[in-house]
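# Observations on the model geometry
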Amino acid sequence: MQKALVIDPGKCTGCKQCEMACSYEKDNEFNVAKSRIRVFEFHEDGKFVPYTCTQCAEAWCQQACPVNAITTDAASGVKLVHDNLCVGCKVCTIACPFGTVNYNSTTGKVIKCDLCFGEPACEAACPTDAITYQDIDQTGFDKMKMWAKQSADGAEPSGPNPPVAH
Amino acid sequence: MGWHRKILRINLSKGTVDVEPLNMEWAQQYLGQRGLASKYLINEIDPKVDPLSPDNKMIFATGPLTGTAASTGGRYSVITKGPLTNAIACSNSGGYWGAEFKFAGWDMLILEGKAEKPVYLTIMDDKVELHDASEIWGTTVWHTDDWIKTKHQDPMMHIAAIGVSGEKEVLYSAIVNDLHRAAGRSGVGAVMGSKNLKAIAVRGTQGVAVKDGKTFLKATMDGKKVLAENAVTGQGLPTYGTQVLMNVINEAGAMPTRNHRDVQFEGSHDISAEAMHEPRKTDGKKNLLTNQACFGCTIACGRISKIDENHFSVKNKPEYWHASGGLEYEAAWALGSNTGIDDLEALTYVNFICNEQGMDPISFGATVSAAMELYDLGLLTTEHTGGIELKFGSAEALVKCVELTGKAEGFGKELGMGSLRLCTKYGRPDLSMTVKGQEFPAYDSRGIQGMGLTYATSNRGACHLRSYTVSSEILGIPEKTDPLATEGKPALVKAFQDATAAVDSAGICVFTTFAWTLEDIAPQVDAACEGGWTPDRMMEVGERIWNMERMFNMQAGFTGKDDNLPPRLLSEPAKTGPAEGRVNGLEKMLPEYYQLRGWTADGVPTNETLSRLAV
């Protein structure tokens, strides 16, 4: 089963623990400037939104790469950048419509989220469950449940229901 | 590790930028941030220096945990000699600025001299530049933040700035970073203004490494779990913010009201955390929009509020209709209960202006309260105030006062002196609710006795953040003591003062100590940096810092006589509530406190004490 990061901006407080966890996982230091996930603050609306790569099924970054340095991990669906192949041309950073592939001037390669090979550090670090890691085919589960609860509220349990003849 | 071991020294008179190694020997003795920067400051300035002269210096300092994944690890402090008090000033701020500065590869910034013309500073990793600030001088913090980011085409910058109040040296001006977090107290913003420095913009890509990563991650994860499971840090603060205290302190009969004439406020519910959560009668919307964390904080006590667009304070002023930093308990109290004003929307607007213009809402509110009492007694009249009817309870008057004081115009110039200078000018210094020139925060020491000793002995003037014995006396953390008793309070105050000095030097927020003890903190510090940090060693460092700050103040001219409270708290009994009939028993606590500190009966640290602590 493939899994995906599910982000609920309504729960985010803007603490950036996810950015620190990401940079530490990848570079062994706390450095939000090199994080693959970023939290955006919309101050005047009082909103905070974590944002990162969604691992497109047909990834524009992958298709744009002239040296085939981005491959798909069949089991997880993750788009992986191979540092030994990446030449730092940055074409993928232009191709990605979401801006989630970025150049790292320290290494001369591009970086993007790889879901930490199944154990996303950002998800583990999030103190409010604004970032969770769920079945990729059921990422709407929590929202559906919330709306289902809303339609259930106000209705009494109906008791045993007899079948209806059609 | 935990450190870059690099200091940036900028002489604004000469326009020079120098890089120095961090004194690691001192880092062993003073840990970081508050302690370490105070050591630098005291080593470099004359204690008698005029705080607003070019000879005063100011230091922006981080701790070893700043810029790490330790919960709340984003703090920085501004250390200087304060113009409100003439004592050492150390104001701590959250937001994102401190961590970003550390990410730029620096541990500390020392500012000297005075720029010939207004300037602002940009620090982009190793690239450090001073720029002409003539286009933003005379504008607000909020405008400056936007202008610099636009000018440098860098929305990822974090900016600490002063508003017009700081430029004009309003004595309780704050330095505001990230629009609504502040190094708030003691007038550090006025010192920045006196140096012709408008703002410091930082951006960093260097990262912060720690000594022992695996141990560090374990220690910080353990710490976060403790915070999440604690009722105050896991529930109370994120849900209600520090405003969770409003009703609690009011019921305890320790909420200063109308310049401390009363100790309970009849309108407290209307300005409380609960009121911020309730739909307004006027438009059905809530004042509180959401909570916000500072960098790395897993508590998230910050308030983000929106003002009713039809409220008189913002009517036809759409520039204030957006969300921004809302009321913390201290601001709600100082602007509300202490002025007798129960209009939540007005207080939120006044708080916005304090952030926008860079003013400490505690000292501002308390100064307005003192002015209201002078007005009530007929010592101030509309002739002095420029027509403002400065009555207790008047939201209209408060709104006019904040607009004038933020720009230091008209009667705002008088209010900008702070309550002691104002009350002295109008012949009643006894009505100034201050210690060493700094206004009280939100706890009346007749109802919480330990806070009287806390205020009297605080090294930066009246302050709750030097030893928050409210924790013990009201909340029962770490154990409950009787708020009305003086017995045991000297030892309690000393222990809180020393522990807090250590916490303030580590790079984390003192609010963690509702749940954490030094037993939780020391392992995080020890995994981050060299030094063999244990709880005992942190207490020892805290005591060293306390005595060092004390010695600076004594050399600046303070004596034991300044460890005092205004006569109202010592001789006018509380009128209502659990503390009815009581005054603060400072004289019962102070001699024992001096003794526990190893100071003489006059409050002077003995040579023995100083050499024991290697101050």
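Calculation criteria
Residues numbered from 1 in each chain as written. Chains lettered and ligands numbered in written order. Predicted model: local features only at pLDDT ≥ 70, side-chain atom pairs only at ≥ 80, totals over all residues. Heavy atoms only, no water. Helix = DSSP H or I, 4+ residues; strand = E, 2+ residues; numbered from the N terminus. Rg over C-alpha atoms; globule rule 2.2 N^0.38 Å. Buried < 20%, exposed > 50% of the residue type's maximum accessible area, 1.4 Å probe, protein only. Contact = heavy atoms within 4.5 Å. Areas by Shrake-Rupley, 256 points an atom, 1.4 Å probe, with all protein chains shown as cover. Lys, Arg positive; Asp, Glu negative; His and termini not counted. Charge placed at Lys NZ, Arg CZ, Asp CG, Glu CD. Expected span 1.5 Å × (residues − 1). Core = buried A, V, L, I, M, F, W, Y, C linked by side-chain atoms within 4.5 Å. Domains from an automatic or database assignment. Buried area = accessible area lost by both parts, 1.4 Å probe. Salt bridge = Lys/Arg side-chain N within 4 Å of Asp/Glu carboxyl O.

Turning our attention to the overall build of chain B. What chain B contains, in helices and strands, is 25 helices and 17 strands. In terms of C-alpha radius of gyration, chain B reaches 22 Å, essentially the compact-globule figure of 25 Å for 615 residues. Taken over the C-alpha atoms alone, chain B extends approximately 60 × 55 × 45 Å along its principal axes. Sorting the 615 residues of chain B into buried and exposed places 67% on the buried side. Of all intrachain contacts in chain B linking residues separated by at least 6 positions in sequence, the fraction that spans at least 24 positions is 69%. Here chain B displays about 19500 Å² of accessible surface, and carbon together with sulfur accounts for 51% of that area. A distance of 1 Å separates the average location of the 61 positive side-chain charges in chain B from that of its 75 negative side-chain charges.

On to the overall build of chain A. Secondary structure assignment for chain A yields 5 helices and 8 strands. Mapped from its N terminus to its C terminus, chain A presents α and β elements in the order β-α-β-β-α-β-β-α-β-β-α-β-α. Taking 15 Å as the expected radius of gyration for a compact globule of 166 residues, we find that chain A reaches 20 Å, considerably beyond that expectation. Expressed as a percentage of the 166 residues in chain A, the buried residues total 40%. When the accessible area of chain A is evaluated, it comes to approximately 9600 Å², of which 55% is carbon and sulfur surface. A gap of 5 Å separates the mean positions of the 15 positive and 20 negative side-chain charges of chain A.

For helix 2 (residues 33-44) of chain B, spanning 12 residues, the distance from its first C-alpha to its last is 16 Å, which sits close to the expected 16 Å at 1.5 Å a residue. Of all 12 residues in helix 2 of chain B, 9 are buried; the element is thus mostly enclosed.

Turning our attention to the nonpolar core. For soluble globular proteins, nonpolar side chains are generally found buried alongside one another. Residues and elements named next belong to chain B. Ranked by size, the top nonpolar core spans 163 residues in total, and within it I249, F364, L390 and Y443 carry the most contacts. Apart from residues lying up to four places away in sequence, L390 is in contact with A371, M372, Y375, L380, T385, A397, C401 and F411. The next biggest cluster of nonpolar side chains, apart from the first, holds 29 residues, and it includes L12, A89, I123 and I175.

We now examine the domain arrangement of chain B. Residue and element names in this part refer to chain B. According to the domain assignment, chain B consists of domain 1 (6-203), domain 2 (239-434) and domain 3 (445-514 + 534-613). A straight line from the C-alpha centre of domain 2 to that of domain 3 covers 27 Å. Of the roughly 1600 Å² buried where domain 2 meets domain 3, counting both sides, 65% is carbon and sulfur surface. Our count for the domain 2 to domain 3 interface comes out at 2 salt bridges. One salt bridge in this structure joins D262 and K575, with 3.5 Å as the shortest N-O distance.

Let us now look at unusual backbone geometry. Residue and element names in this part refer to chain B. With omega at -5°, the peptide bond leading from I477 into P478 counts as cis. Look at Q33: it is not a glycine, yet its phi comes out positive at around 35°. With respect to the helices and strands, Q33 occurs in helix 2. Overall, the relative accessible area of 0% leaves Q33 in the buried class. If you check the backbone angles, S186 has positive phi at about 70° while not being a glycine. Mapped onto the elements, S186 comes out in the loop between strand 11 (181-183) and helix 6 (188-194). Note on S186: relative accessible area 0%, which makes it buried.

Residues and elements named next belong to chain B. Considering all chains together, one arrives at 44 salt bridges over all chains under this definition. Notably, a salt bridge pairs D360 with R185, separated by 2.9 Å at the nearest N-O pair. Pair noted here: D360 is in the loop between helix 12 (344-357) and helix 13 (361-376) and R185 is in the loop between strand 11 and helix 6, with a separation of 175 residues, a long-range link. The exposure class of D360 is buried, given its relative accessible area of 2%. Owing to a relative accessible area of 5%, R185 belongs among the buried residues under this scheme. We note a salt bridge from K317 to E403, for which the minimum N-O separation is 3.0 Å. On the criterion of sequence distance, the pair formed by K317 in the loop between strand 14 (302-305) and strand 15 (324-325) and E403 in helix 15 (residues 395-406) is long-range, its members being 86 residues apart.

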